[in-house]
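# Breakdown of the fold
Residue-level listing of the chains:
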Amino acid sequence: MENEVEISVSDLSFYYGKTKALKNISMDIYRNRVTAIIGPSGCGKSTFIRLFNRMNDLVPGTRAEGRINIGGLDILGTGVDVVELRRRVGMVFQKPNPFPKSIFRNVSYGLEVKNVKDKIYIEEMVEEALKNAALYEEIKDRLNDSALMLSGGQQQRLCIARCLAVKPEVILFDEPCASLDPVSTKKIEDLITELKKDYTIVIVTHNMQQAARVSDYTAFLYFGELVEYGISEKLFTVPADSRTEEYLSGKFG
Amino acid sequence: MKQKIKEEIYRCIFAVLAFSSLVFLVGITLTLLTQGLPLFREVSFMNFLAGTDWYPTYDPPDFGALPLIASSAFVTLGAMFVCVPLGIGSALYMNEIAGYRQKSFLKPLVEILAGIPSVIYGFFGMVAVAPLIQRIFNLPTGLTALTGSLVLGIMATPTVASLAEDALSFVPNSFREASLAVGANRWQTLVKVVMPSAGSGISTAVILGISRAIGETMTVLMVTGGSAVIPRSFFQPVRPMTSTIASEMGEAVFGQLHYNSLFALGLVLFFTTLFFNIIAEYISSRYRLKLGMGR
Ligand SMILES: Nc1ncnc2c1ncn2[C@@H]1O[C@H](COP(=O)(O)OP(=O)(O)OP(=O)(O)O)[C@@H](O)[C@H]1O
Ligand SMILES: [Mg+2]
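Residues numbered from 1 in each chain as written. Chains lettered and ligands numbered in written order. Predicted model: local features only at pLDDT ≥ 70, side-chain atom pairs only at ≥ 80, totals over all residues. Heavy atoms only, no water.

## Looking at the overall build of chain B
Each helix and strand counted, chain B has 12 helices and two strands in total. Walking chain B from its N terminus toward its C terminus, one meets helices and strands in the order α-α-α-β-β-α-α-α-α-α-α-α-α-α. Overall, chain B is about 75 × 75 × 30 Å in size when its C-alpha atoms are taken along their principal axes. Per-residue burial over chain B gives 44% buried out of 295 residues. For chain B, restricting intrachain contacts to residue pairs at least 6 apart in sequence, the fraction spanning at least 24 positions comes to 70%. Carbon and sulfur atoms make up 69% of the accessible area of chain B, which amounts to about 15,500 Å² in all. The positive charge centre, built from 19 side chains, and the negative charge centre, built from 15, are 13 Å apart in chain B. (Helix = DSSP H or I, 4+ residues; strand = E, 2+ residues; numbered from the N terminus. Buried < 20%, exposed > 50% of the residue type's maximum accessible area, 1.4 Å probe, protein only. Contact = heavy atoms within 4.5 Å. Areas by Shrake-Rupley, 256 points an atom, 1.4 Å probe, with all protein chains shown as cover. Lys, Arg positive; Asp, Glu negative; His and termini not counted. Charge placed at Lys NZ, Arg CZ, Asp CG, Glu CD.)

In structure tokens, the structure reads:
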């Protein structure tokens, strides 16, 4: 399949106050591919992907330079409808964060705040999202139970369903398996591989094996700098940059 | 061996300290009961609670506490209308809207307000609020239920604001992020996610604020006038239970019915605030349970 650019980052820098957390990053992220972002703690991985849905707007005293183009729109521009952007670019967080509401209401939330009133449509979308998040079979009889009753892994899949229900184009995962056991992690990884048929996926992970398993492309960030970016297979076997090599070897022990 | 004795001594000291509040609670209840209950040898319980005349020094005396209870209820209800919107509004502003710098300046301000002695609020009510009320509504006196409500409401606001703010800041930020990330705006996030999650904490704040207003003495004594009739409007002077106790205690003779009747009023107050506090405690313990499950 031909590679189409979904997200185009050019000369992107980001500042927390005076600290430059991202340094002149340029890269293209491809549609229907899984792109992994790896790098040591504090190198700016979260900062980077949180720019794609403008989540960093919540942090006062920050500033971005450069451009991020998603589907033809320069999303860092001032006139951008952030709410609309976040519907197109969904996010799943490190710690499962379902609302203290029912399972159903968690998934329907995105439609509810979009003022969708059609009950039948909402029910269909919730069911579809739960199926696509590989959770439906486990919980179909207790959609009205509190989401907090679910296990950690189920909660994370619920969060994925919540994100899918608004039909985004891109899904950002920030260390989605960091708090999960190996079995739940496997489920999420399989799910990501499944989801890439319909979505463009960016995943931050500390787990090199995971990055190698699920991703098509990998970017290595180091102190806010994009050191290396390319096809995962190649980056993990014959890294071009010595820093990448050191990082990978250190990680693999 | 020596070490063991030492530990035992420490354990005892702390146990005594911990149980002292229980001792005080029992002591207070017993005092109220022994001094208040003798009233009901002469006056029936119903006549006390539902009687409409409070003339404790007449011959024969009347111990109908309804006007006093109604006055308390009136003033407290009025105070709620002030402290609930003001308190919750300030809490929401501080936590959800104001930036870090505004909050770091507002929160201590609220805490200072909470620490001002109630007499000072009384002065403020007498000198600033009462004349204003008198002029605006063209009343014979500015010392009315409305004045009392306003001043008490202002007084309870910092309590409500501070506790409600705590409740809001207890809502995990991950809830806010999750909501915004699926395309909710700030307002929807606040109403649909943050407020419901903080709901029980906010109700606790309101209940404790109200319970403070009910028990307040000095301020009410200074700004509500003091006629012991069942209030028909907010524009007339009233006489809540607390100010009745405070103003009549001096003239009541120990062991006489009047004296006992004031303790009986104390009992009513005591159980009302106890009731509110138990409800607040119940709600907040359920709240902790609910959020605890999220971990
Ligand atoms: N709110 C903030 N204010 C100031 N500095 C911040 C803030 N958030 C992050 N930083 C800084 O920006 C840099 C990048 O942080 P970021 O969270 O993006 O790293 P990360 O690669 O996601 O790390 P981890 O793997 O530990 O999650 C760090 O040096 C961090 O200290
Ligand atoms: Mg991170």
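## Quick look at the overall build of chain A
Scanning chain A for helices and strands turns up 10 helices and 10 strands. For chain A, the C-alpha radius of gyration of 18 Å lies close to 18 Å, the compact-globule estimate for 253 residues. Counting only C-alpha atoms, chain A reaches 55 × 45 × 35 Å along its principal axes. The burial tally for chain A puts 54% of its 253 residues in the buried class. In chain A, of all internal contacts separated by at least 6 residues, the share reaching a separation of at least 24 is 68%. When the accessible surface of chain A is totalled, it reaches about 11,300 Å², and 49% of it is carbon and sulfur. Looking at chain A, you have 33 positive and 35 negative side-chain charges, and the mean spots of the two groups are 5 Å apart. (Rg over C-alpha atoms; globule rule 2.2 N^0.38 Å.)

## Comments concerning the site of ligand 1
Residue and element names in this part refer to chain A. Around ligand 1, the neighbouring residues are Y16, A21, S41, G42, C43, G44, K45, S46, T47, V59, E175 and H206. Bound to the protein, ligand 1 loses 58% of the 630 Å² it would expose on its own. Top contributing element to the shell around ligand 1 by residue count: helix α1 (residues 45–52), with three residues. When its residues are assigned to classes, the shell around ligand 1 shows four nonpolar, six polar and two charged. (Near = heavy atom within 4 Å. Nonpolar A, V, L, I, M, F, W, Y, C, P; charged D, E, K, R; others polar.)

## Overview of the domain arrangement of chain B
Residue and element names in this part refer to chain B. Assigned domains of chain B: these are domain 1 (2–41) and domain 2 (66–294). Using only C-alpha atoms to locate each centre, domain 1 and domain 2 end up separated by 30 Å. Counting from both sides, the interface comprises 12 residues of domain 1 and, opposite them, 10 residues of domain 2. In this assembly, domain 1 packs against domain 2 so that about 920 Å² is buried in total across both faces, 82% of it on carbon and sulfur atoms. When residues of domain 1 are sorted by the area they lose upon contact with domain 2, L32, Q35 and L39 head the list and together hold 61% of the total. In this structure, the connection of domain 1 to domain 2 is made through zero salt bridges. (Domains from an automatic or database assignment. Buried area = accessible area lost by both parts, 1.4 Å probe. Salt bridge = Lys/Arg side-chain N within 4 Å of Asp/Glu carboxyl O.)

## Examining the pairing of strand β4 (residues 62–70) of chain A
Residue and element names in this part refer to chain A. Of the strand pairs in this sheet, strand β1 (residues 5–16) and β4 are connected by eight bridges, and their pairing is antiparallel. Counted as the bridge partner of S13 is E65 from β4. Bridge analysis of β4 against strand β5 (residues 73–74) gives two bridges, and the strand direction is antiparallel. Within the sheet, the bridge partner assigned to I70 lies in β5 and is L73. Taking the residues between adjacent antiparallel strands as the criterion, β4 and β5 are bridged by two residues, where G71 takes a positive phi near 55 degrees. (Pairing = 2+ DSSP bridges.)

## Overview of the nonpolar core
Within the largest apolar cluster, 45 residues are counted, with the highest numbers of intra-cluster contacts made by A:Y109, B:F48, B:W54, B:L168, B:I202 and B:L265. Contributing elements (two or more residues each) for this core: α4 (66–97), α7 (145–169), α8 (173–181), α9 (186–215), α11 (241–248) and α12 (257–292) of chain B. Considering every element that reaches this core, the biggest residue donor is α9(B), with nine residues. In this structure, B:I202 is in contact with B:I88, B:A164, B:A167, B:L168 and B:M195, ignoring residues within four places of it in sequence. Membership of the second largest hydrophobic core comes to 44 residues, among which are A:A147, A:I160, A:A161 and A:L191. (Core = buried A, V, L, I, M, F, W, Y, C linked by side-chain atoms within 4.5 Å.)

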